[in-house]
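# Close look at the chain arrangement
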Amino acid sequence: MASMQKRLQKELIAIQKEPPPGVSVNPANIGPNLTQWIVDMEGASGTLYEGEHFQLSFKFSPKYPFDSPEVTFIGSNIPIHPHVYSNGHICLSILSEDWSPALSVISVCLSIISMLSSCKEKKRPPDNSLYVKTCSKNPKKTKWWYHDDNV
Amino acid sequence: MGNCLKAVSSSNDDISLLREATSIPRESSSSSEQLGPPPSYQETVNQPSSLPVYYPSPNVSRPASQLTEEEQIKIAQRMGLIQHLPTGEFDGSKKNKECAICMGDFTIGDPIRFLPCMHIYHTECIDDWLMRSFTCPSCMEPVDAALLSSYQTD
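Residues numbered from 1 in each chain as written. Chains lettered and ligands numbered in written order. Predicted model: local features only at pLDDT ≥ 70, side-chain atom pairs only at ≥ 80, totals over all residues.

## Considering helix α4 (residues 123-130) of chain B
The buried count for α4 of chain B comes to 7 of 8 residues, which makes it a mostly enclosed element. For α4 of chain B, the complete set of buried residues consists of T123, C125, I126, D127, D128, W129 and L130 of chain B. (Buried ≥ 20, exposed ≤ 12 C-beta atoms within 10 Å, placed from the backbone. Helix = DSSP H or I, 4+ residues; strand = E, 2+ residues; numbered from the N terminus.)

## Observations regarding the environment of T107 of chain B
The residue T107 of chain B is located in the loop between β3 (87-89) and β4 (111-114) in this model. Along the sequence, T107 of chain B and C139 of chain B sit 32 residues apart, while their C-alpha atoms lie 23 Å from each other.

## A word on the domain arrangement of chain B
By domain assignment, chain B separates into domain 1 (1-84) and domain 2 (85-154). By residue class, the composition of the side of domain 1 of chain B that touches domain 2 of chain B is 7 nonpolar, 2 polar and 1 charged. (Domains from an automatic or database assignment. Nonpolar A, V, L, I, M, F, W, Y, C, P; charged D, E, K, R; others polar.)

## What about the sheet that holds β4 of chain B?
All names here are of chain B. Read across the open sheet, the 3 strands follow the order β3-β4-β5; overall the sheet is antiparallel. Two strands bound the open sheet, and with one partner strand each, they are β3 and β5 (120-122). Between one strand and the next, the sheet's axes are offset by a mean angle of 35 degrees, whatever the strand orientation. Here 3 bridges tie β4 to β5, and the two strands are oriented antiparallel to one another. Note on β5: the bridge partner recorded for I112 is H122. Against the sheet, α4 contacts β3, β4 and β5, and its axis sits at roughly 100 degrees relative to β5. (Pairing = 2+ DSSP bridges. Axes fitted to C-alpha atoms, helices over the stretch in contact; angles between N-to-C directions. Contact = placed C-beta atoms within 7 Å.)

## Re the environment of P125 of chain A
Residue and element names in this part refer to chain A. Along the polypeptide, P125 turns up in the loop between α2 (105-117) and α3 (128-134). With 44 residues separating them along the chain, P125 and H81 place their C-alpha atoms 7.0 Å apart. The contact partners of P125, leaving out residues within four places of it in the chain, are P82, H83, Y85, C91 and Y131.

## Brief notes about the nonpolar core
With 27 residues, the main nonpolar core has V39, L56, F58, I90, C109 and I112 of chain A as its most contacted residues. Looking at this core, the elements with two or more residues in it are α1 (2-17), β2 (36-42), β3 (53-59), β4 (70-74) and α2 of chain A. Looking at this core, the element that brings in the most residues is α2 of chain A, giving 6 residues. When sequence neighbours within four positions are dropped, the list of residues in contact with L56 of chain A reads V39, M41, V71, F73 and I112 of chain A. Among the nonpolar cores identified, the runner-up in size contains 24 residues, and F66 of chain A together with Y54, I75 and M131 of chain B belong to it. (Core = buried A, V, L, I, M, F, W, Y, C linked by C-beta atoms within 7 Å.)

If you want it as structure tokens, here you go:
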């Protein structure tokens, strides 16, 4: 537990010092013991999401970084994207089976920015309505199958 | 055999369990004894009152008593393979500054483990991960594939 907090402390300092483009963290949005963060994200310029503002929620279990963080979009603007469900859940392999403890909040943010930036058509996943009705609140309980690697 | 991972009480038992659980040739299991005791993967190992928890995959945790036979074999194999990965002390080499798992800086004398891909980590940090997944956190190289091929070329 202590080493998890040490690492999160380092990550927080790093993301505040050198945030990826469009990413910011308001210290007021860091929960108790650093176990919950809200990260602000701007759609990259020149992409379909230019000018849009998003919020990502990160929740860390005591087993972080061995256990992946629980990452979802929250707030009023959930990006319309083939891998993002309308409840904010994200279908991204590094958030479940391809997680590695060498990944970090910054690398997850970069992956999500790149996932959004490479999108060619704004649309919800094909199974959105069924998934949102039947899924668990925690996306980590979802057995994802990855539709494609292109987006 | 069915409950070979139940109530591991001392670190030496891991080796005898491994011998039972997998059909590793006699030769390699006796050489593993010379390599010293296995790393401590679990804080719970020394608390006989609570069963240790294992991670057949990174996001699956299960008490030892609820592992399937297949998972028991997988974990016993991991325990055995981890012992074949060389360890050492950090000597202040400039190339590696921080452990990618805890993000803490290496200090001289820190116990470290070398993976076949040449990435190094604190022994404690990497062993915790290898018990969940046998891949290098930095390059995703499967650790056991590299181990097996290095045996074959020997």
